[in-house]
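Residues per chain, in single letters:
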Amino acid sequence: MARKTKTNSTQSPKTETPQGLAARVLIYLESLRVRRYASGTIELYSRRLSDFAKWTATRGVTRASEVELDTLELYAVELLGGGFAASTRHDTLCMLSVFFAWLVRKRHLLHDPADGLDLQPTKSRERQPITHDEVERLAGVIDLMNPVGLRDRAIVEVLYSTAMRVSELCGLEIYDVEASRGLVMIRKGKGGKQRVVPI
């Protein structure tokens, strides 16, 4: 006797495809590129959303329309039990919430399964800025007699003097630094914006 295929009222016949959730993730990531999100942000979304899609697939959920609030709540428990930090778990759930809201907004879904998901922020320790004495001690232990030491010293001094992000420092090119004018061009800043800072 043939089994009846279960239908879901949230499924959109016009847009749902056999590729389902994984395909929706790729479409969403492309939308982030079009909106010029930073590459690091896109990579993070890609990793978190792809992990979720793989996890749901192992449980027989392969379409976006098959994801329910219970699915997301179970995934939240899995993250907590998997040794992830509370902040990582919270960030992942927020990304999933944004992703499903986008699917509804773009009419890939009729119902948002993340509506009602607990997204209460986790408490974290207040960050304390590094002091000048701490920077001096850090710089003082670097061996300046080899190229690696010189590189590390330059990294410490640039980060401290400009307050740029580590990701921005990693994206710098030689021609971004104007030593004669004491300026550095940050071309890959937050949100893809450029800015010039003194150095």
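Look above for the structure.
Calculation notes
Residues numbered from 1 in each chain as written. Predicted model: local features only at pLDDT ≥ 70, side-chain atom pairs only at ≥ 80, totals over all residues. Heavy atoms only, no water. Phe/Tyr/Trp six-rings, centres within 6.5 Å; stacked < 30°, edge-to-face > 60°. Helix = DSSP H or I, 4+ residues; strand = E, 2+ residues; numbered from the N terminus. Buried < 20%, exposed > 50% of the residue type's maximum accessible area, 1.4 Å probe, protein only. Expected span 1.5 Å × (residues − 1). Contact = heavy atoms within 4.5 Å. Core = buried A, V, L, I, M, F, W, Y, C linked by side-chain atoms within 4.5 Å.

## A closer look at the packing of aromatic side chains
And then number 1: Throughout the structure, instances matching the rule amount to eight aromatic pairs.
And then number 2: Pairing Phe52 with Trp55 gives two aromatic rings, centres 6.2 Å apart and planes at 25°, and the pair type is stacked. Within this pair, Phe52 and its partner Trp55 are both found in helix H2 (residues 39-57), separated by three residues, close to a single helical turn.
And then number 3: When the centroid spacing of 6.2 Å and the interplanar angle of 90° are considered together, the rings of Phe52 and Phe100 count as edge-to-face. Of the two residues, Phe52 sits in helix H2 while Phe100 sits in helix H4 (residues 86-105), which places them 48 residues apart along the sequence. Here Phe52 and Phe100 have matching classes, each one buried.
And then number 4: Clustering of aromatic rings is evident, with ring pairs tying together Tyr28, Tyr45, Phe52, Trp55, Tyr75, Phe99, Phe100 and Trp102.

## Some points on helix H1 (residues 20-34)
And then number 1: Compared with the 21 Å implied by 1.5 Å per residue over 15 residues, the 22 Å span of H1 between its first and last C-alpha is a close match.
And then number 2: When H1 is considered as a whole, its buried residues turn out to be Gly20, Leu21, Ala23, Arg24, Val25, Tyr28, Leu29, Ser31 and Leu32.
And then number 3: Where H1 is buried, its residues meet H2 and H4.
And then number 4: Backbone geometry just downstream of H1 places Arg36 in the positive-phi region, at approximately 60°.

## Description of the nonpolar core
And then number 1: The biggest cluster of nonpolar side chains holds 28 residues, and the ones touching the most others in it are Leu21, Phe52, Leu72, Leu96, Phe99 and Phe100.
And then number 2: Elements supplying a minimum of two residues to this core: H1, H2, helix H3 (69-81) and H4.
And then number 3: With seven residues, the single largest contributor to this core is H4.
And then number 4: The residues touching Leu96, leaving out its near neighbours within four places in the chain, are Leu49, Phe52, Leu72 and Tyr75.
And then number 5: Among the nonpolar cores identified, the runner-up in size contains seven residues, and Met164, Leu169, Val184 and Val197 belong to it.

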